[in-house]
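# Overview (structure and organization)
Below, each chain spelled out in residue letters.
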Amino acid sequence: MDCDNARELLPLAEVEALGWWKRQQVRRHLADCPDCRRELEVLRATAALLAKAPRAKAPVEIWRGIEGALAQAPVRKSARGFLTPRRIAGGLVGLGLAAATVAVLVFQRSPAREPHVFDHAAPFVRYHSILSQNDPLSDQVGLDLRSVVLVTNEGTPSQKP
Amino acid sequence: MKPTRPQLSACLIVALATSGAATWAESGIAFVRKAESAESSTAYVGTMRAVTLLEDGSHESKLKVWADGRGRFRREYASGPAKGLVVLLTPDTSWRQEPGSDDWLELPGRKQDAPADSGLLGRNYDATNLRGEKVAGLACRVIDLRAKHPGNPRKTLWVEIRTGLALRTDQYNSDGKLISKSYFEELSLRRSEDASLFHPPTGQQTRTTPLTENLRPLDSAAQLARACGHRPDLPRDVPPGYELAGYFARQCRRNVTLPALRYFDGLNTLLVFEQAGGNGRRGWGRGRGWQFHGGRQDCQFQESPQQKVVRYTDGKQSYLIVGDHNRDALVKMAESIR
């Protein structure tokens, strides 16, 4: 990571809005770059100053002006003419059908278990479990259980990663 | 200047203590070696209990175990998440009958892909002989096996003094958390009369598990390069103590063959997989839990109590590392793949 990239990310890193890896990259860059460390200090000092600065109060006339502008703004056309009883009934039937379809899909696709963190990595983790079984002094029982849980989560053992 | 009597006594005490500690540590390693060989040379029948910490919490299992003293084992799970699972291990082949299935899945045996130790265990781990304790009524030595390099998992073994069999194993992950505890409740050191226990019943269907189809062990980097059509990319930064110990050709979708590598430190395995595509269009897609930024360098990390997974893409190619080791070291390893 170069200084330009790091300085772009510094404010985000300060408010913890970066992912773990980017944060590590910024951290590593800061460890090697005194200029960016100074930049960070300046950033922190500025943020501290802004936090301490007294807040200005907006004059009352500003709100009156906004109210006046809103009152003069063109009003949107009413939807009353569009919503006939027939259209409302048709819409409700359509909505009902859509909701039913979504419900069927959701219930079919959601097994009883919680989403598994290793769903996508499961085949690779299973390779690791099976190969580790042959390591000397391996935790055979623990690895058996892991394999069973991974196969259950994977759905089918013949799935290719 | 002539040393005084108290000085001589102090030197004597220090010398005795040092030599005693060395002998104690050496006997720890000797016990571990004994446990390694006793595992396949001792015949027994017993029941075990195991508590395992998985992603969704801790699970307790009870199982019955048989060993014929010639490297053949049978494990039958009577309770817990693996209830109904039967595992058969032989030097050449192993089989699993998953709970609720009639099929037996055939897997590679120990001879085929067990990494050669070649002194790695002794070089990378310290075995400390802690104390004496009884497991299933038998006297054991408690051996603490700790990695010399930080970031690795560790384990404690209860090794039976007479046979060298490990009667209890406590496994800690790389964060120092106890993730598995398995121990014998009953143990009878006798050979089972029934030889058919160590083979799937004749007539029952066996089918080969995808592992043997999809992850083919090879002997060398040259063989792997021939199978995949290119030389495997290797990490330049490997965690201390690990050595390249195995080559695998992984058959994936669209008949593409990609390399997989095994790194081993005598006790722990790290697997490095090359994945199809690095531009976000193929491979893992955009599934839950993984963010994938097309065409850019990126790295994602996931962990469970049992292992960690790092996925790294350099914009052209993606790699996946699976194993239990310190997160920073795994990320560093992934970033160094060229």
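Computed from a prediction, not measured in an experiment: that's the story for all the values here.

### What to know about the overall build of chain A
Of the regular secondary structure elements, chain A holds seven helices and zero strands. Ordering the α and β elements of chain A from the N terminus gives α-α-α-α-α-α-α. Counting over 161 residues, chain A shows a buried share of 33%. Sequence-distant contacts in chain A: of pairs separated by 6 or more residues, those separated by 24 or more amount to 52%. Put simply, chain A shows about 11100 Å² of open surface, and 62% of that area lies on carbon and sulfur atoms.

### Overview of the overall build of chain B
A tally of regular secondary structure across chain B gives six helices and 19 strands. Among the 338 residues that make up chain B, the fraction classed as buried is 51%. Sequence separation of 24 or more characterises 47% of the internal contacts of chain B that already satisfy a separation of 6 or more. Carbon and sulfur atoms provide 49% of the accessible area of chain B, an area that totals close to 15700 Å².

### Some details on the pairing of strand S3 (residues 73–77) of chain B
Residue and element names in this part refer to chain B. Taken across its five residues, S3 has four buried, putting it largely inside the fold. Summarising the sheet, strand S2 (residues 57–68) and S3 pair through five bridges and their orientation is antiparallel. Paired with Leu 63 across the strands is Tyr 77, a residue of S3. Taken together, S2 and the strand that follows it, S3, pair antiparallel across an intervening segment of four residues, in which Gly 69 is found at a positive phi of about 80°.

### Quick look at the pattern of salt bridges
Two side chains bearing opposite charge may form a pair once their charged atoms approach each other closely. By the definition in use, this model includes 20 salt bridges over all chains. Residue B:Arg131 is joined to B:Glu133 by a salt bridge in which the shortest nitrogen-to-oxygen separation is 2.6 Å. Here B:Asp144 makes a salt bridge to B:Arg154, at a shortest N to O gap of 3.1 Å. Here the residue B:Asp144 occupies a position in strand S8 (residues 138–147), and B:Arg154 occupies one in strand S9 (residues 154–160), the gap between them amounting to ten residues. In this structure B:Asp144 comes out as buried when scored by relative accessible area, which is 6%. Linked through salt bridges whose partners overlap, the residues forming this network are A:Asp144, B:Arg75, B:Arg96 and B:Glu98.

### With respect to the packing of aromatic side chains
Following the criterion strictly, the structure yields four aromatic pairs over all chains and no others. By the ring-pair criterion, three or more aromatic residues cluster together here, those being A:Phe124, A:Tyr127 and B:Phe273. Across from the ring centre of B:Trp158, 4.0 Å away, lies the NZ or CZ of B:Arg168, which sits over that ring. Taking the ring centre of B:Phe301 as reference, the NZ or CZ of B:Arg327 above it sits at 5.0 Å.

### Side note on helix H2 (residues 20–32) of chain A
Taking 1.5 Å of rise per residue, 13 residues should cover 18 Å, and H2(A) covers 19 Å from first to last C-alpha, within 8% of that figure. Within H2(A), burial applies to A:Trp20, A:Trp21, A:Gln24, A:Gln25, A:Val26, A:His29 and A:Leu30.

### As for empty space enclosed by the protein
Tallied over the entire structure, the rule returns seven cavities of 30 Å³ or more. Contributing to the lining of the largest cavity are 25 residues, with A:Gln140, B:Glu39, B:Tyr44, B:Met48 and B:Ala166 lying nearest its centre. Residue assignment for the lining of the largest cavity shows that the elements contributing at least two residues are helix H7 (140–154) of chain A together with helix H1 (5–41), strand S1 (43–54), S2, S3, strand S10 (166–172) and strand S11 (178–188) of chain B. Per element, the largest residue contribution to the lining of the largest cavity is four residues, and it comes from S10(B).

### A short note on helix H6 (residues 122–132) of chain A
Every α-helix carries 3.6 residues per turn, so stepping three or four residues along brings you back to the same face. The buried fraction of H6(A) is high, at eleven of eleven residues. Along H6(A), the positions that sit buried rather than exposed are A:Ala122, A:Pro123, A:Phe124, A:Val125, A:Arg126, A:Tyr127, A:His128, A:Ser129, A:Ile130, A:Leu131 and A:Ser132.

### Examining unusual backbone geometry
Residues and elements named next belong to chain B. The phi torsion at Ala 136 lies on the positive side, around 50°, for a residue other than glycine. Among the structural elements, Ala 136 can be located in the loop between strand S7 (125–135) and S8. When its relative accessible area of 31% is taken as the criterion, Ala 136 is described as partly exposed.

### What about the environment of B:Ser58?
Residues and elements named next belong to chain B. For Ser 58, the position within the fold is in strand S2. Note: C-alpha distance between Ser 58 and Ile 179 (121 residues apart in sequence) is 8.5 Å. Among all residues touching Ser 58, those that are not within four sequence positions of it are Val 51, Thr 52 and Leu 53.

### What to know about the nonpolar core
B:Tyr44, B:Leu63, B:Tyr77, B:Leu167, B:Phe184 and B:Leu187 are the most contacted members of the largest nonpolar core, which totals 27 residues. For this core, the secondary structure elements donating two or more residues are H7 of chain A together with S1, S2, S3, strand S4 (86–89), S8 and S11 of chain B. Among residues more than four places away in sequence, those in contact with B:Tyr77 are A:Gln140, A:Val141, A:Asp144, A:Leu145, B:Ser61, B:Lys62, B:Leu63, B:Ala82, B:Lys83, B:Gly84 and B:Leu85. Of all hydrophobic cores here, the second largest spans 23 residues; its members include B:Cys228, B:Val272, B:Ile321 and B:Val331.

Quick notes on the rules
- Residues numbered from 1 in each chain as written.
- Chains lettered and ligands numbered in written order.
- Predicted model: local features only at pLDDT ≥ 70, side-chain atom pairs only at ≥ 80, totals over all residues.
- Heavy atoms only, no water.
- Helix = DSSP H or I, 4+ residues; strand = E, 2+ residues; numbered from the N terminus.
- Buried < 20%, exposed > 50% of the residue type's maximum accessible area, 1.4 Å probe, protein only.
- Contact = heavy atoms within 4.5 Å.
- Areas by Shrake-Rupley, 256 points an atom, 1.4 Å probe, with all protein chains shown as cover.
- Pairing = 2+ DSSP bridges.
- Salt bridge = Lys/Arg side-chain N within 4 Å of Asp/Glu carboxyl O.
- Phe/Tyr/Trp six-rings, centres within 6.5 Å; stacked < 30°, edge-to-face > 60°.
- Lys NZ or Arg CZ within 6 Å of the ring centre and 35° of its normal.
- Expected span 1.5 Å × (residues − 1).
- 1 Å grid on protein atoms, 1.4 Å probe; cavity = no way out; pocket = protein on both sides within 12 Å on 5 of 7 lines; lining within 4 Å.
- Points joined across faces, edges and corners; volume = space filled by probe spheres on them.
- Core = buried A, V, L, I, M, F, W, Y, C linked by side-chain atoms within 4.5 Å.

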